[in-house]
Every structure is written in structure tokens, then in C-alpha cells.
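The chain contents come next:
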Amino acid sequence: MAHGPRPSRPRVIVTRALPDGIEARMAELFDVVTNAGDTPMSPEALGAAMADCDVLVPTVTDRIDAALLAAAPGRLRLIANYGAGIGHIDLAAARARGITVTNTPGVLTEDTADMAMALILAVPRRLVEGDKLVRAGGWTGWAPTSMRGHRIGGKTLGILGMGRIGQAVAMRARAFGLQIHYHNRHRLPQVLEAQLGATWHPELDSMLAAADILTIHTPHTAATGGLIDARRLDLLGPMGWLINTARGEIVDNEAMIAALAQGRIAGAGLDVYVNEPAVDPRLVQLGNVVLLPHLGSATFEGREDMGIKVIANIRVWSDGHRPPDQVLDGWL
């Protein structure tokens, strides 16, 4: 699709309320429309926004599918996603329309790794259960057999996806005495494997069979949707724990709930879900699950850094250059 020159002061529509400093800087640089009420946009509202801007700044709460993109007028030229994950954007449809897509990689690495490590500790040691017991007034004092969890030192951590976040989790986990195994499309350089003490498994099933704890750090794509199904959960086994801070769709939700309810896996720590913000009520009823409200990037520093990246991507694009965080065909 042919486009004219890029506007020096593009019209930018932001779908959710961003940190005050980020919105103020956007107002200085762009013709910006923000969402003061922070209400997620309906598909109809998204379509109207896409018809009225050069740049759309969506978040993970906005599903930008092929139908929306097909209906978008030619004015929309850039989707500058506020966040690293882009599974909610149909990249093939955007490319077909000549729309550039950017994201905000890197700035959330440490925050998400911290959250994953917190869940790796919280689930086997039953920290949330203990908190609830105390708050409910049910704690009757220390006893040799009460509230026993499991030691994580010496256990094997299986990391699915060994990019920036996976590597940051490996560094933390190694300090807690966990043995690091990983599955990735490509093997890490041997020097990096040595630094992380990590063992590569070319096959995912092999890693799951070796792991006591599985933590997921791979993007949600057509290839990874439902990747962790009933058969693979059974490979993790009745003494295995599942940690997911990536995307809910990577795990078969029905299979996970059944495995948790039937004791085919020991427990789970979840920060992401299918059909967010809805959380399956069956998960809420399970005592062996820690449920968090998508907190992986929820630090003041991380959310500020995300906004700075969005602004940089828009400015570089507006100047006629390729944005530093343009999403390329390898994501498709």
C-alpha cells in the first residue's frame, strides 16, 4: 500500500491511560488523544480510533485482528504497542496493509524475571496459603507438621523460552540452588550456557520430563498457542509446578485446570490468563494455585520505560526512519 510522507506531528491515539509524565511528553511532541477514563476500548471504538489517527498506541487489552485492520483507512501507518507482547495484534494483516508495528522489548526483563522468581518461591512454599491462614485467624501456632511446602534448592527448573527474560530468571534461580534446564528454538552460545549453568534440550518433552518446575517465557504465536497441553502437563508430573508470566494462551486452560484439580501437577503460579481480565472461577476455587493480576511489568520504573520506548519509536518513524523496535517477520 502506497503512503505519502510521514507527518512531522502525527495524530496519536492512546487506548489506555499511561503514566502522567509519558502522556505529558506525548502532548508536547504529538497531536495526541489519551484515554483519561482508562476504560478498555470496544472493537467499535478501536475501529473509530484507527480511522482517526496516524499512530495507534494499544496495549495487551486491545485485540487488533485482521477484520479491524482490513477496515482501517489508509491513514493509520504505525501501531506503536505499549508492551513487549504482541500476540493481540495480527501481524500478517498489519504487514499486508503496510502498517508498521513496534513494541517495547528489554525494559520489562528484570521486572518480569523478579515476578517469575517470586512465584517460583511462593507456590512450592505455600506463601499465599499461609498469608490467608493468618488473616482468617486460623493459625494456632507453630507445629512440626503444619503448612509444609517443598524446598526449591536442588530442584530442576525448566525454562521454556531462553530470551532476555528466560536468561534473567536463570540467573536468579541459580542463586537459589536450582538446576537450570531450558528449551529454545536455538541453543545459547556455550559460554553463556556455562555462565547460567544451563542445559539445553532440543525437544520440549525431554525438558519437561526432567523438570520439577516449569516457567514459561516464550511469546504467544500460532506455534506456541496451547503448547503446554494435557500430555505435556503429565510429563511435568504430580510433583511438578507450573509458572506462567508470559501469556495465558500458551497453556491449554482446560488441561491445566484438570491437572491441578486431579493432582496430576502439584500447583501453579499464574500472572496471565486466557480471556483476561476474566479468570476461570474453577482456578479461584483451587488451593494449589497462586493467582496474580498480570503484575509482571507493574513497576513504576517499568511502565515509565515502556512509555519512553513508545515515544522513541514514534519519533524515529515520524522522521522517516525504521523504528528501533520494529517487529519483523520472525514474529509471524
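Keep in mind that what you see is a predicted model, and the values were worked out from it rather than measured. (Residues numbered from 1 in each chain as written. Predicted model: local features only at pLDDT ≥ 70, side-chain atom pairs only at ≥ 80, totals over all residues. Heavy atoms only, no water.)

1. Things to note about the pairing of strand S11 (residues 267-270)
When a strand is regular, its side chains alternate between the sheet's two faces.
Moving on, step 1. The alternating pattern of S11 places Gly 267 and Gly 269 on one face and Ala 268 and Leu 270 on the opposite face, and all of these are buried.
Moving on, step 2. Here four bridges tie strand S10 (residues 241-244) to S11, and the two strands are oriented parallel to one another. Within S11, the residue paired with Asn 244 across the bridge is Leu 270.
Moving on, step 3. Chirality of the crossover, the property in question, places the unit of S10, helix H11 (residues 253-261) and S11 among those that are right-handed.
Moving on, step 4. Direction of pairing for S11 relative to strand S12 (residues 289-291): parallel, over a ladder of three bridges. (Buried < 20%, exposed > 50% of the residue type's maximum accessible area, 1.4 Å probe, protein only. Helix = DSSP H or I, 4+ residues; strand = E, 2+ residues; numbered from the N terminus. Pairing = 2+ DSSP bridges. Right-handed = clockwise from strand over helix to strand, strands pointing away.)

2. Focus on the sheet that holds strand S4 (residues 78-80)
Two orientations exist for strands paired in a sheet by backbone hydrogen bonds: parallel and antiparallel.
Moving on, step 1. Taken in spatial order, the five strands make up an open sheet running S2-S1-S3-S4-S5, and their pairing is parallel. Strand pairing shows two members of the sheet lacking a second neighbour, strand S2 (31-33) and strand S5 (100-102), which therefore form its edges. The average angle at which neighbouring strand axes cross in this sheet is 15°, direction not considered.
Moving on, step 2. Relative to S4, strand S3 (residues 55-57) is paired through two bridges, and the arrangement is parallel. By the bridge assignment, Leu 56 is partnered in S4 with Ile 79.
Moving on, step 3. Lying over the sheet, helix H13 (residues 300-318) contacts strand S1 (11-14), S3, S4 and S5, oriented at roughly 160° with respect to S4. (Axes fitted to C-alpha atoms, helices over the stretch in contact; angles between N-to-C directions. Contact = heavy atoms within 4.5 Å.)

3. Some thoughts on the domain arrangement of the chain
As a measure of interface size, the accessible area lost when the parts come together is often cited.
Moving on, step 1. What the domain assignment lists for the chain is domain 1 (11-103 + 299-319) and domain 2 (108-291).
Moving on, step 2. The partner domain 2 presents four residues to the seven residues of domain 1 that form the contact.
Moving on, step 3. Summing the contributions of domain 1 and of domain 2, the shared interface buries around 450 Å²; its carbon and sulfur component is 61%.
Moving on, step 4. On the surface where domain 1 and domain 2 come into contact, there are zero salt bridges. (Domains from an automatic or database assignment. Buried area = accessible area lost by both parts, 1.4 Å probe. Salt bridge = Lys/Arg side-chain N within 4 Å of Asp/Glu carboxyl O.)

4. Digging into the side chain of Thr 59
Moving on, step 1. Structurally, Thr 59 is set in the loop between S3 and helix H3 (66-71).
Moving on, step 2. Polar contacts involving the side chain of Thr 59 include one to the side chain of Thr 61, which spans 2.9 Å.
Moving on, step 3. For Thr 59, the residues in contact, after removing those within four places along its chain, are Thr 15, Arg 16, Asn 81, Tyr 82 and His 88. (Polar contact = N/O pair within 3.5 Å; in protein donor to acceptor, adjacent residues only side chain to side chain.)

5. Some details on H13
Moving on, step 1. Between the first and last C-alpha of H13 there are 27 Å, a value that for 19 residues agrees with the 27 Å anticipated at 1.5 Å per step.
Moving on, step 2. Of all the residues in H13, the buried ones are Gly 302, Met 306, Gly 307, Val 310, Ile 311, Asn 313, Ile 314, Trp 317 and Ser 318.
Moving on, step 3. In this fold, the buried residues of H13 make contact with S1, helix H1 (20-29), S3, S4, S5 and helix H5 (109-125).
Moving on, step 4. Two residues or fewer after H13 comes Gly 320, characterised by a positive phi angle close to 95°. (Expected span 1.5 Å × (residues − 1).)

6. Notes on unusual backbone geometry
Moving on, step 1. A cis amide bond links Glu 276 with the next residue in sequence, Pro 277, at an omega value of 5°.
Moving on, step 2. Mapped onto the fold, Pro 277 is located in the loop between S11 and helix H12 (281-284).
Moving on, step 3. In this structure, Arg 126 is a non-glycine residue whose phi angle is positive, near 60°.
Moving on, step 4. Inspection of the secondary structure puts Arg 126 in the loop between H5 and helix H6 (127-135).

7. Quick notes on the environment of Leu 91
Moving on, step 1. Examined against the element boundaries, Leu 91 turns out to sit in helix H4 (residues 91-96).
Moving on, step 2. The exposure class of Leu 91 is buried, given its relative accessible area of 13%.
Moving on, step 3. Residues Leu 91 and Leu 119 lie 28 residues apart in sequence; the distance between their C-alpha atoms is 31 Å.

8. Looking at the packing of H1 against H13
Moving on, step 1. Close contact between H1 and H13 brings their axes to 9 Å; oriented N to C, the two are set at 15°. Here H1 is positioned roughly parallel relative to H13, judged by the angle of their axes. Viewed along their axes, H1 and H13 form a crossing whose handedness is right-handed. Counting all contacts with H1, which are made through Gly 21, Ile 22, Arg 25, Met 26 and Leu 29, the residues of H13 involved are Glu 304, Gly 307, Ile 308, Val 310, Ile 311 and Arg 315.
Moving on, step 2. A breakdown of the residues in the contact of H1 with H13 according to their chemical character gives six nonpolar, two polar and three charged. (Parallel < 35°, antiparallel > 145°, perpendicular 65-115°, else oblique. Left-handed = near helix turned anticlockwise from the far one by under 90°. Nonpolar A, V, L, I, M, F, W, Y, C, P; charged D, E, K, R; others polar.)

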